[in-house]
Amino acid sequence: MIHIRSSKELAKMRRGGRLVAETLQILAKLVKPGVSTRELDKAAYKFITSRGAKPSFLGYRGFPASICTSVNCQVVHGIPGRYRLEEGDIIGIDLGVKWDGYHTDAAITVPVGKIDPETLKLVEVTLEALKAAIAEARPGKRVEDISFAIQSTAEAEGFSATKNFVGHGIGKKVHEEPQIPNLGTPGKGPRLKPGMVLCPEPMINVGTGETDLLEDGWTAVTKDRSLSAHFEHTIVVTDGEPEIITAFDGGWYYNLINNY
Ligand code: MG
């Protein structure tokens, strides 16, 4: 069942979404060569809990941290640890918060220092894929219209979309129906209606869309170990333009990815 959220519920989710956006801004500014992914996790925990919210991922099915940090060929669900970022890396940071009973969730990919042009292109195309996905989130459209927008944006640039991980609905649980695949067929899947809250999350790879799971049981990497980037927003389907509730003032991330 896909929930339709009331205006009261959406007001709560907007507050949570703003906290997600603020936390990602703080973390993006901390990303520098020499910083460990564990330091980023600690900063996220401190900020989120200082506002009276909870990190959605901490303890989720046993996940041991407040954020996922996925570096280079890691696609999603990387566990923060001792790894220190190096110049030229890219790091995906994914986080959710639970506030007033409702979750919101977003992810960004941030360059570490100066990155090479091909890597920057991957990051930019992944952000474009998220924009294209959100543009499809309108009443009367279907879930796989979002999926196809992601897949076609990636493939037009010679990249691939990740098969094994999907976006999702969100609300009282961090993962709700519908699943939003990163590949799909236009006109298929559940019909979108105002009040649905969705998290499209393109994960785009330089090589193929196949993934492996590392021994930690969480970290997904590209099977061919090519680079992978990831962006996500929590959005609301409305009667008109989709509303992005995890962006500062409805803004985008160009200031974050262009800090190299
Ligand atoms: Mg998500």
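**Student:** What is the right way to read helix 3 (residues 117-135) from this model?
**Tutor:** Side chains that are three or four residues apart share a direction in an α-helix, a result of its 3.6 residues per turn. Taking 1.5 Å of rise per residue, the 19 residues of helix 3 would be expected to cover 27 Å, and the 27 Å separating its terminal C-alpha atoms lies within 8% of that figure. Within the sequence span of helix 3, burial applies to Thr119, Leu120, Leu122, Val123, Val125, Thr126, Leu127, Ala129, Leu130, Ala133 and Ile134. You can read the cap of helix 3 off the contacts: a side-chain oxygen lies 3.2 Å from the backbone nitrogen of Glu118, and it is on Asp116.

**Student:** Hey, could you run me through the state of the cysteines in this one?
**Tutor:** Defined simply, a disulfide is a covalent bond joining two cysteines at their sulfur atoms. The full count for this structure, using the stated rule, is zero disulfides. In this structure Cys73 is a free cysteine whose sulfur lies 15 Å from that of Cys68, the closest cysteine sulfur available. On the basis of relative accessible area, Cys73 is assigned to the buried category, the value being 19%. Of all cysteine sulfurs, the one in Cys68 lies closest to Cys199, which takes part in no disulfide; the gap is 13 Å. Judged by relative accessible area, which is 0%, Cys199 ranks as buried.

**Student:** I tried to follow the coordination of the magnesium ion on my own but got confused; where do I start?
**Tutor:** For a metal with four donors in a tetrahedral arrangement, the ideal angle between donors is 109.5 degrees, while six donors in an octahedron ideally sit at 90 or 180 degrees. Within the first shell, the magnesium ion binds the protein through Asp105 (OD), His168 (NE2), Glu201 (OE) and Glu232 (OE), at distances of 2.1 to 2.5 Å. Here the donor residues for the magnesium ion map to a single chain with the spacing D-x62-H-x32-E-x30-E. Here the residue His168 occupies a position in strand 7 (residues 167-169), and Glu232 occupies one in the loop between strand 13 (228-230) and strand 14 (235-236), the gap between them amounting to 64 residues. This pair shows no difference in class: His168 is buried, exactly as Glu232 is.

**Student:** Just checking my understanding: could you explain the packing of aromatic side chains for this structure?
**Tutor:** For any pair of aromatic rings, the description rests on two quantities: the centre-to-centre distance and the angle between the ring planes. Applying the stated criterion across every chain yields a total of one aromatic pair. When the ring of Phe63 is compared with that of Trp218, the centres are 4.9 Å apart and the planes differ by 85 degrees; the resulting orientation is edge-to-face. In this pair, Phe63 sits in the loop between strand 1 (54-55) and strand 2 (67-71) while Trp218 sits in the loop between strand 11 (211-213) and strand 12 (220-222), placing the two residues 155 residues apart along the sequence. Here Arg15 stacks its cationic end above the ring of Trp99, 4.2 Å away from the centre of that ring.

Reading guide: rules and limits
Residues numbered from 1 in each chain as written. Predicted model: local features only at pLDDT ≥ 70, side-chain atom pairs only at ≥ 80, totals over all residues. Heavy atoms only, no water. Helix = DSSP H or I, 4+ residues; strand = E, 2+ residues; numbered from the N terminus. Expected span 1.5 Å × (residues − 1). Buried < 20%, exposed > 50% of the residue type's maximum accessible area, 1.4 Å probe, protein only. Polar contact = N/O pair within 3.5 Å; in protein donor to acceptor, adjacent residues only side chain to side chain. Disulfide = S-S within 2.5 Å. Donors = N, O, S within 2.8 Å, 3.2 Å for Na, K, Ca; no water. Phe/Tyr/Trp six-rings, centres within 6.5 Å; stacked < 30°, edge-to-face > 60°. Lys NZ or Arg CZ within 6 Å of the ring centre and 35° of its normal.

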